[in-house]
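Each chain is listed here by its residues.
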Amino acid sequence: MDHMDWDRIPGPTWYLPEAARAAMEALTRSVDARQAARALADLRYAVTNDHAGTLYPAAVPAASVLLEAIGERPGPPRQEALNALLDWWGCFCPEPGFGTYEDPSAGSVGLIEGIVRRVRDATDMLHRVADDPSGGGGHRPGVRLLLARLDEGWNMEAG
């Protein structure tokens, strides 16, 4: 995933592909859980307007990175990745004018649909983390919540 060409993904003028790239490089180089969690937070903020609650098209491939962290990086990185996906779910909407993502394998998909599809594709891994006898490193409730939200769909709640 670190070979993703963030520059080729369109976004508003405040989308900074170099920030996404730097976050991915930091994640790859991270030597401890704290550094990895920080890199995931940086990636999250590179692909969203967190204050406005909007997602840029780069949030779709970033969702795959977050899911990979949930599967492979227990502790703070898993929590950071879970927090991002749970915060986005049903609360964030696409940045106006940037509602689709050009998926190399599926063509043009709606941004929300692209994220939901990636979470759905990771269901087996999410169940494995949720069912981990050790409690998934304390992440079982968050993973179960994400799975429950997947079942409910991405419903934008009014008000």
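(A) Quick peek at the packing of aromatic side chains. Taken as a whole and judged by the stated rule, the model has two aromatic pairs. Their ring planes at 70° and their centres at 6.0 Å tell us that tyrosine 15 and tyrosine 56 sit as a pair that is edge-to-face. Of this pair, tyrosine 15 sits in the segment before helix H1 (17–29) while tyrosine 56 is found in the loop between strand S2 (54–55) and helix H3 (59–72), placing the two residues 41 residues apart along the sequence. Overall, tyrosine 15 belongs to the buried group, its relative accessible area being 5%. On the basis of relative accessibility, which here comes to 2%, the residue tyrosine 56 falls in the buried class. With a centroid separation of 4.8 Å and 40° between ring planes, the pair formed by tryptophan 89 and tryptophan 154 is classed as tilted.

(B) Examining the pairing of strand S5 (residues 107–110) more closely. Here strand S4 (residues 100–103) pairs with S5 via four bridges, running antiparallel. Paired with glutamate 102 across the strands is serine 108, a residue of S5. Here S4 folds back onto S5, and the loop between the two strands holds three residues.

(C) Quick look at the layout of surface pockets. Roughly 190 Å³ of volume is contained in the largest pocket. In this structure, the largest pocket is lined by Met4, Asp5, Arg8, Ile9, Pro10, Tyr101, Glu102 and Pro104. Taken together, the residues of the lining of the largest pocket break down into five nonpolar, no polar and three charged.

Cut-off values and rules
Residues numbered from 1 in each chain as written. Predicted model: local features only at pLDDT ≥ 70, side-chain atom pairs only at ≥ 80, totals over all residues. Heavy atoms only, no water. Phe/Tyr/Trp six-rings, centres within 6.5 Å; stacked < 30°, edge-to-face > 60°. Helix = DSSP H or I, 4+ residues; strand = E, 2+ residues; numbered from the N terminus. Buried < 20%, exposed > 50% of the residue type's maximum accessible area, 1.4 Å probe, protein only. Pairing = 2+ DSSP bridges. 1 Å grid on protein atoms, 1.4 Å probe; cavity = no way out; pocket = protein on both sides within 12 Å on 5 of 7 lines; lining within 4 Å. Points joined across faces, edges and corners; volume = space filled by probe spheres on them. Nonpolar A, V, L, I, M, F, W, Y, C, P; charged D, E, K, R; others polar.

Scope: geometric values only; no functional claims are made or implied.
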